[in-house]
Amino acid sequence: MLAWILGGYAVLFLLLLGCAGFVALFVNDPDKRADAYKVLKLLTGIVLGSGGAGGLVGLLLKLHEMGVI
């Protein structure tokens, strides 16, 4: 069961990273690009800083506040 949870966490992280990276690189709207860079900054903070479930909850809350999810 733990493998499924860790796998879901990894898939969510990679999906967010890929979508934010695509928007940051290929979308012409400056507002959307700025939001994508913020998401990339948050994801980098999760990787380098506080990880785990607390980091994921914090990430989801910040993404919800930004209107991404």
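What counts, and at which threshold
- Residues numbered from 1 in each chain as written.
- Predicted model: local features only at pLDDT ≥ 70, side-chain atom pairs only at ≥ 80, totals over all residues.
- Heavy atoms only, no water.
- Core = buried A, V, L, I, M, F, W, Y, C linked by side-chain atoms within 4.5 Å.
- Buried < 20%, exposed > 50% of the residue type's maximum accessible area, 1.4 Å probe, protein only.
- Helix = DSSP H or I, 4+ residues; strand = E, 2+ residues; numbered from the N terminus.
- Contact = heavy atoms within 4.5 Å.
- Phe/Tyr/Trp six-rings, centres within 6.5 Å; stacked < 30°, edge-to-face > 60°.

Peer 1: Talk me through the nonpolar core; I want residue IDs and the actual numbers.
Peer 2: Membership of the largest hydrophobic core is limited to seven residues, which are Leu16, Ala20, Val39, Leu43, Ile46, Leu59 and Leu63. For this core, the secondary structure elements donating two or more residues are α1 (2-26), α2 (30-48) and α3 (52-66). With three residues, α2 is the single largest residue contributor to this core. In this structure, Ala20 is in contact with Ala36, Val39 and Leu40, ignoring residues within four places of it in sequence.

Peer 1: With reference to specific residues and values, describe the packing of aromatic side chains.
Peer 2: Each aromatic ring pair is specified by the distance between its two centres and by the angle formed by the two planes. Going through the model one piece at a time under the given rule, you end up with one aromatic pair. Ring centres of Phe22 and Phe26 lie 5.3 Å apart, and the angle between their planes is 45 degrees; on these two criteria the pair is classed as tilted. Of this pair, Phe22 and Phe26 both sit in helix α1, four residues apart, roughly one helical turn.

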